[in-house]
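The primary structure of each chain is shown beneath.
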Amino acid sequence: MMPSLAFSATAKVPLYNALIVPYNASALAYLGRWQDTGKGKWSGWGGTQLAFKVSGTRSFHIEVEVNDADVANAVYLRVGIDNSPQMPIGWTLSSELVKYNGTRLVVVALPDLLEHTIIIHTAGNYAGMFAGTSKVLIKQILVPQGGVLTAWTQGSKYIQTVGDSWMGSDCDWPRLMDRTKWKLFPIATGGFTAALMDTQYNYKSSGVSATDDPTMDAVIVSLGVNDYAQGVSVPNFQTSLLALVDKIRAKQASAPIFLIQAPKNLGTGMDFGQYETAMQNVVAARANTAYISTRSLEASLTWEDNYHLDAAGKIILADYVNAALIAAGL
């Protein structure tokens, strides 16, 4: 549930003697495909992360510029505190009924003065974000007097996470893997099918090629939930997945690619894992790829709704994949 709006529409700083951290400060880690405009950063993908640490304060402010010309969808800011497995707290920056172009100042409350890890997502309809008609530009972070913002050091091994909302958006589980071992590079947005990911994988946003991805130590791909919901056939899924794997390999020449089956929801009987044969076939057809089955987990998983795991379920899946990557030699 989105909280009531806790921001001001003015660009004025409402904090006395605040620590002002510009968007391009070295302590801010932008994970995934972000674009620098010279006055801030934005992403055409809903799974990107802005990560840092804050201490010595009970709150901090995020100044964003909202440019929302999409008359059909809202845009949001989501903030995760201490990498909680719960869905990150969300703020609606514009709505279907109220469009907005201008500055928002989002106030994020913290539970105490101790050090807290922070992950910021920008979010909205995937088509509008990719087209740039729904855009949230991170401009600066404001920390009240006495507070400190520092870098959250991630692991040394880069893992690209490719997929839908399970992989890098509101309901993602990869962020719950060992962040002291892995540094994530999400390329994911809620609502994606394998065919849509194949179409957009090579781009930062519409018409903007992604030519500067870092070299990855591994790539993990998980799709199928939205394909199942849209009735995509197994052969068609396989065709799209194979094309996607080839695009990933063109950018990541030596990184192993792991295809991860989305588990069946035993409570509803919805078998998102019906595409496991397609994944196995792709692995058989392409070198340096592997398939990770989640069938053994299905009886222990719990669900937030018909299509997404709850907090406990996400932890189980993250721990399982974390162990599988380590067992594979990463």
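Read on for a plain summary of the structure. A quick note: this is a predicted structure, and the numbers were derived from the prediction, not measured.

1. Concerning the overall build of the protein chain
Stage number 1. A tally of helices and strands in the protein chain yields seven helices and 20 strands.
Stage number 2. For the protein chain, whose C-alpha radius of gyration is 19 Å, the value lies close to the compact-globule estimate of 20 Å for 330 residues.
Stage number 3. Overall size of the protein chain, expressed as C-alpha extent along the three principal axes, is 60 × 40 × 40 Å.
Stage number 4. Of all 330 residues assigned to the protein chain, the portion counted as buried reaches 57%.
Stage number 5. Long-range pairs, those at least 24 residues apart, make up 79% of the contacts in the protein chain between residues at least 6 apart in sequence.
Stage number 6. With an accessible surface of roughly 12,700 Å², the protein chain has 53% of that area assigned to carbon and sulfur atoms.
Stage number 7. Measuring between centres, the 24 positive side-chain charges of the protein chain sit 6 Å from its 26 negative side-chain charges.

2. Let's talk about unusual backbone geometry
Stage number 1. Of note, the phi angle at Asp82 is positive, near 60 degrees, even though the residue is not glycine.
Stage number 2. Structurally, the position occupied by Asp82 is in the loop between strand E8 (75-81) and strand E9 (89-94).
Stage number 3. With a relative accessible area of 38%, Asp82 lands in the partly exposed category.

3. Quick look at the side chain of Arg175
Stage number 1. If you trace the backbone, Arg175 turns up in the loop between helix H2 (165-168) and strand E15 (182-188).
Stage number 2. In this structure Arg175 touches Gln49, Asn83, Ser84, Pro85, Gln86, Pro88, Ile119, Leu184 and Lys314, once residues within four positions along its chain are discounted.

4. Topic: the pattern of salt bridges
Stage number 1. What the rule picks out here adds up to 12 salt bridges.
Stage number 2. Its salt-bridge partner being Glu65, residue Lys39 comes within 3.1 Å of it at the nearest N-O pair. Placement of Lys39 in the loop between strand E4 (35-36) and strand E5 (41-42) and of Glu65 in strand E7 (residues 59-68) is noted, with a sequence separation of 26 residues between them.
Stage number 3. According to the relative accessible area criterion, Glu65 is buried, its value standing at 14%.
Stage number 4. We note a salt bridge from Lys247 to Asp198, for which the minimum N-O separation is 2.7 Å. Linking Lys247 in helix H5 (residues 234-251) with Asp198 in helix H3 (residues 194-200), this pair joins segments that are 49 residues apart in sequence.
Stage number 5. The buried category is assigned to Asp198, whose relative accessible area is 15%.
Stage number 6. Three or more residues are tied together by salt bridges with common partners; here these are Lys39, Glu63, Glu65 and Lys139.

5. What to know about H5
Stage number 1. Taking 1.5 Å of rise per residue, the 18 residues of H5 would be expected to cover 26 Å, and the 26 Å separating its terminal C-alpha atoms lies within 8% of that figure.
Stage number 2. Inspection of H5 places Phe237, Ser240, Leu241, Leu244, Val245, Ile248 and Arg249 among the buried residues, and these make up the whole buried set.
Stage number 3. You can read the cap of H5 off the contacts: a side-chain oxygen lies 3.2 Å from the backbone nitrogen of Asn236, and it is on Ser233.

Each value, and the rule that gives it
- Residues numbered from 1 in each chain as written.
- Predicted model: local features only at pLDDT ≥ 70, side-chain atom pairs only at ≥ 80, totals over all residues.
- Heavy atoms only, no water.
- Helix = DSSP H or I, 4+ residues; strand = E, 2+ residues; numbered from the N terminus.
- Rg over C-alpha atoms; globule rule 2.2 N^0.38 Å.
- Buried < 20%, exposed > 50% of the residue type's maximum accessible area, 1.4 Å probe, protein only.
- Contact = heavy atoms within 4.5 Å.
- Areas by Shrake-Rupley, 256 points an atom, 1.4 Å probe, with all protein chains shown as cover.
- Lys, Arg positive; Asp, Glu negative; His and termini not counted.
- Charge placed at Lys NZ, Arg CZ, Asp CG, Glu CD.
- Salt bridge = Lys/Arg side-chain N within 4 Å of Asp/Glu carboxyl O.
- Expected span 1.5 Å × (residues − 1).
- Polar contact = N/O pair within 3.5 Å; in protein donor to acceptor, adjacent residues only side chain to side chain.

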